[in-house]
Structure formats: structure tokens, C-alpha cells
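Descriptive analysis of the structure
Chain residues, written in single-letter form:
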Amino acid sequence: MATGTKCLPVTKYSKAGDVVHDFHAEVVARRAAVRWFLSEIAKPSSEWLERSTDLSQTQGRNSTLGLRPGVKLHMYISELPCGAASMNTLAYLQTVRDPEMANLKSKSDLYASPDGAARGRNGYELSDIVRTKPGRGDSPRTNAMSCSDKIALWSVVGIQGALAVSLGLHPIYIDTITIGSVKGTGLLGTREDSILRDCQQALSGRLGGCSFHEYEVNSPNIVFTAAEFDDGKRQAELDEKISSNEALCWIADQSDGIAKEILVNGTRRGVLPKNRALPLSRPRICKAALFSQYRQTAIALKTLNASSSSESPATALRYSDVEETNRVTVSDEHRIGWASYHEAKHGPGTEAYHAAKQRLRGIGGYLHGWVICDTEFETFGLT
């Protein structure tokens, strides 16, 4: 569970992986889910995940875990996601409230981008192109793509991330997305059908029939709810409040008992700059923290493999790919895994995952123009 509406400019990015660059609620919630999946994979028996007992089910690839039958993933968003899903709606509201400004923003030739991505909300009529955050086109540059673009990407590669894939997790897809602030809300309530079509197109429809091995388009069922988030955008406007710089993150079933934290500008609230890189001070969903959880999970899988191999040959085989993935020279028994976050993300078993992302984001892809974060922000290790 998460709240948040902000992202950091590129000048504030950290090469140590200890800062969250994008803390829009959808992104924070997804990163929290990634951490949850990494910890859940480590359990010998999970209430939510099951391990394959038949290697033929993996079709020769590294996927050995998936959701149990009947378990589905649902997502609630209190507002229309930024980006393509909300462009036509914003254009309509802008036309009603300020026709002159709407005409200015619709002149897409003024905001053409050489890499194919639009800045924020500029160029309303370009509804199917990728966009960077934040919404204001005159704000400092970021590499954060819109939430619509990110959800569209997850509709093909899943929300679990490359680290979990390298440990054997099948792609996890969102089954249903429930969106607030549309149904029964004044001007938008009369446009539900067209807004629904916009959301369907933005979040999966624009991807055509893209597929690569086990990664293929999974279109979530999108519904609107009249239930309103008490602290949502509309109420904030009525109260003449500005959006908060804080983001709240809550993660269930954490072994250390820490369920929630509050982020301010991508770091944990209350942490001094000099202490930011300390393991106990960094956000639990930043890259460094996820890398640490990944390595703990890899250790747990090795231990589980060692204890189970004498009892069940099939169990030993199930973890063979994971063991090979983490066979790296380490300084002591408490350190395991790839030397850097980037290497872990691109380890054995992740080839199809990255190929699917490249097919989507590369030249000619449905998400062409995606601004990819420089590798220098992923080459950190852990101490």
C-alpha cells in the first residue's frame, strides 16, 4: 500500500542505490510488492506462492514459482494514472476551465522530443506516446516514465522485477485495476465510457500482440469506483491544499516487523544526510535495500536446497538454476550473490525478461522513446 505524487530530478539521483527516484503511489506500491515477493520466495512454504514439482512446466527456463491457483493480484488507484490513461481527460477538463491554455498545450510541435518521449502533460493529442514525469513540462528533467507507461510495461513483463525472475518467479500480472475519481464525479461522470476506453488503450491495448517466450500482453480488467479517497486530489483542491512531498509505504508480513515507512524526497523521513547510506537508514524499497533482500533470499534458497536434497531429488533440481545464478566469489559466508545490483538484475534466467523489455522499449517498439536510467546508477554493490 502506498501514497505519493512526486519524483526526483536527475540531478538528485544516487549512484549508491539508497534513494527512491520515483515515488508516485503506483510505483511505490509496486516496489513494495517486489520486496514482498523477494521475502516470500525465501519461505519453505508460502501461503501465496507455489513451487513447480514438474520441471517440464518451466519449458527449460528458470521459472519455478508462481501464484497459487485462485490467487489473483488487484490494484487500486485513487486517481487516473498519469500519462496516456489521463491525457484525453485532462484535455477535456482544461478545455472547460481554460480554453486558451488548452490550445497552447495541444500544440504538440512545440514539445517534440528527439527521443520520442513527451515532457509531462504537453501535447495532449499525442495520447499513445510515452511520457516522462512530472506533469509540468517546465519542471527539472527526470528519467521517470509516466505511471501509464509503467503499468503498460508490467502488463507484459509482470510486476515482480528482474531480481525475482532470477530466483525463479514466473511473471506476476495485475488481474484487475480499480480506479477512483471518475465514477459519479461531476464532469467526468458523464464520460465514463470514453475514459474507460482511454485506460484500456493506455494500460495494455496499445501494446498490440507483443509476446516473447512466457512474456505476453495480459490486459487487466479495469473498473471505476464511486468510493472516494478522503485525502485525494479533489478534496485537496476543495481545501486549497498542495500535494505533499511525503510518500507512505506499507509492506505486509515483514520478518523484521517493520511494516511502514515514510519517504521525503526519496529518502526516509528523519534520516540525516550523513546516515543515508546506512542499511538501517535507507528506504526499504530503494534499489540497495531490494538488492540486500535478494541476497538474503538467495542464501535462504541455498540453505533450503541443501537441507532438502537428500530427501527429495526433485527439490534439489528445482533450485539448481538459482544456485548457479548465485555462484559468485564472496568475501565471507554472510555475503552471497552478484557483485553489483546491475549484474544481479541481468544474471542467468533473466534473458527472456530483458529481451521482452527491449522489444517493447527499443526502436519500433510500442513503448519506443522510454528513457532508460544510466547503468551508473545500478553498478553499486553492498558492504
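Read on for a plain summary of the structure.

**Structural notes on the overall build of the protein chain**
Secondary structure summary: the protein chain contains 12 helices and 14 strands in total. Counting over 383 residues, the protein chain shows a buried share of 49%. In the protein chain, the proportion of contacts linking residues at least 24 apart, taken out of those at least 6 apart, comes to 65%. Within the structure as shown, the protein chain displays about 18500 Å² of accessible surface, and the carbon and sulfur contribution to it stands at 52%.

**Some points on empty space enclosed by the protein**
According to the stated counting rule, one finds 1 cavity of 30 Å³ or more in the structure shown. Computed from the structure, the largest cavity encloses a volume of approximately 30 Å³. In this structure, the largest cavity is lined by I151, W154, S155, Y173, I174, N218 and P220. It is helix 4 (residues 147-157) that provides the largest number of residues to the lining of the largest cavity, a total of 3 residues.

**Looking at the pairing of strand 11 (residues 221-224)**
Taking every second residue as pointing to the same face, the buried face of strand 11 carries I222 and F224, while none of N221 and V223 on the other face is buried. Two strands pair when backbone bridges link them, and strand 8 (residues 174-179) and strand 11 are joined in this way by 4 bridges, in the parallel orientation. Counterpart to T176 in the pairing with strand 11 is N221.

**Notes on the packing of aromatic side chains**
A full pass over the atoms with the stated rule returns 7 aromatic pairs. For the ring pair Y341 and F380, a centre distance of 5.2 Å and an interplane angle of 15° mean the geometry is stacked. With Y341 in helix 11 (residues 341-345) and F380 in the segment after helix 12 (351-361), this pair connects stretches of sequence that are 39 residues apart. F380 shares its class with Y341; the two are buried.

**Topic: the layout of surface pockets**
Taken as a whole, the second largest pocket spans an internal volume of roughly 900 Å³. Contributing to the lining of the second largest pocket are 39 residues, with K287, K345, K357, R361 and E378 lying nearest its centre. Where the lining of the second largest pocket is concerned, the elements lending two or more residues are helix 1 (25-41), helix 4, helix 5 (161-166), helix 8 (287-308), helix 11 and helix 12.

**A look at the sheet that holds strand 5 (residues 73-77)**
On the basis of which strands lie adjacent, the open sheet formed by 3 strands has the order 5-8-11 and parallel pairing. A single partner strand is all that each edge strand has here, and the edge strands are strand 5 and strand 11. Ignoring which end each strand starts from, the neighbouring axes of this sheet average 20° apart. Two elements, strand 5 and strand 8, share 5 bridges in a ladder whose sense is parallel. Bridge pairing in strand 8 places I77 opposite I179.

**Some details on the packing of helix 4 against helix 12**
For the pair helix 4 and helix 12, interaxial distance at closest approach is 10 Å and the crossing angle is 135°. By the angle between their axes, helix 4 is oblique relative to helix 12. Between helix 4 and helix 12 the crossing geometry is right-handed. In contact with L153, V156 and V157 of helix 4, helix 12 contributes Y353, A356, K357, L360 and R361. Looking at the contact of helix 4 with helix 12, its residues break down into 6 nonpolar, no polar and 2 charged.

**A closer look at the state of the cysteines**
For the structure shown, the criterion picks out 0 disulfides. There is no disulfide at C82, and the cysteine sulfur nearest it, in C147, is 3.8 Å away.

**Description of the pattern of salt bridges**
Inspection of every chain in the model, using the stated rule, returns 12 salt bridges. Close ionic contact of E40 with K43 constitutes a salt bridge, the shortest N to O distance being 3.1 Å. Note on E40: relative accessible area 2%, which makes it buried. Exposure remark for K43: the relative accessible area of 30% places this residue in the partly exposed category. Put simply, R269 and E246 hold a salt bridge, and the shortest N to O gap is 3.0 Å. With R269 in the loop between strand 14 (267-268) and helix 8 and E246 in strand 12 (residues 246-250), the pair connects residues that are 23 residues apart, well separated along the chain. Overall, the relative accessible area of 48% leaves R269 in the partly exposed class.

The rules we used
Residues numbered from 1 in each chain as written. Predicted model: local features only at pLDDT ≥ 70, side-chain atom pairs only at ≥ 80, totals over all residues. Heavy atoms only, no water. Helix = DSSP H or I, 4+ residues; strand = E, 2+ residues; numbered from the N terminus. Buried < 20%, exposed > 50% of the residue type's maximum accessible area, 1.4 Å probe, protein only. Contact = heavy atoms within 4.5 Å. Areas by Shrake-Rupley, 256 points an atom, 1.4 Å probe, with all protein chains shown as cover. 1 Å grid on protein atoms, 1.4 Å probe; cavity = no way out; pocket = protein on both sides within 12 Å on 5 of 7 lines; lining within 4 Å. Points joined across faces, edges and corners; volume = space filled by probe spheres on them. Pairing = 2+ DSSP bridges. Phe/Tyr/Trp six-rings, centres within 6.5 Å; stacked < 30°, edge-to-face > 60°. Axes fitted to C-alpha atoms, helices over the stretch in contact; angles between N-to-C directions. Parallel < 35°, antiparallel > 145°, perpendicular 65-115°, else oblique. Left-handed = near helix turned anticlockwise from the far one by under 90°. Nonpolar A, V, L, I, M, F, W, Y, C, P; charged D, E, K, R; others polar. Disulfide = S-S within 2.5 Å. Salt bridge = Lys/Arg side-chain N within 4 Å of Asp/Glu carboxyl O.

Nothing here speaks to function; it is geometry throughout.
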